[in-house]
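Chain by chain, the residues:
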Amino acid sequence: MKIGGKTVTVLKIRNRKGYAAICCNNLTEGRTSQEACARMEKALRRKPKK
């Protein structure tokens, strides 16, 4: 899956309920893969800390 031209990897979390999305040193979690991707969109919009 791609968000803003960047590749996002969505994984099922073992031994837990939910999914994780990983992209550009960001990790987000959600109950569904769609929720994890939606949270990743928000994380990618944030500016990096200086």
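Refer to the structure above for everything that follows.
Here the structure is a predicted model, which is why all the values come from computation and not from measurement.

Enquirer: What should I look at first to understand the sheet that holds strand S4 (residues 19–23) in this one?
Expert: Two modes of strand pairing occur in sheets, parallel and antiparallel, and in both the strands are linked by backbone hydrogen bonds. Strand order in the open sheet made by the three strands is S3-S4-S5, with antiparallel pairing throughout. Strands with a single pairing partner mark the edges of an open sheet, and in this sheet they are strand S3 (9–12) and strand S5 (26–30). In this sheet, neighbouring strand axes are inclined to one another by 25 degrees on average, regardless of whether the strands run parallel or antiparallel. Where S4 lies against S5, five bridges are found, and the strand directions are antiparallel. Counted as the bridge partner of Ala-21 is Thr-28 from S5. Strand contacts of helix H1 (residues 33–45): S3, S4 and S5, with the helix running at about 145 degrees to S5, the strand carrying the most contacts.

Cut-offs applied
Residues numbered from 1 in each chain as written. Predicted model: local features only at pLDDT ≥ 70, side-chain atom pairs only at ≥ 80, totals over all residues. Heavy atoms only, no water. Pairing = 2+ DSSP bridges. Helix = DSSP H or I, 4+ residues; strand = E, 2+ residues; numbered from the N terminus. Axes fitted to C-alpha atoms, helices over the stretch in contact; angles between N-to-C directions. Contact = heavy atoms within 4.5 Å.

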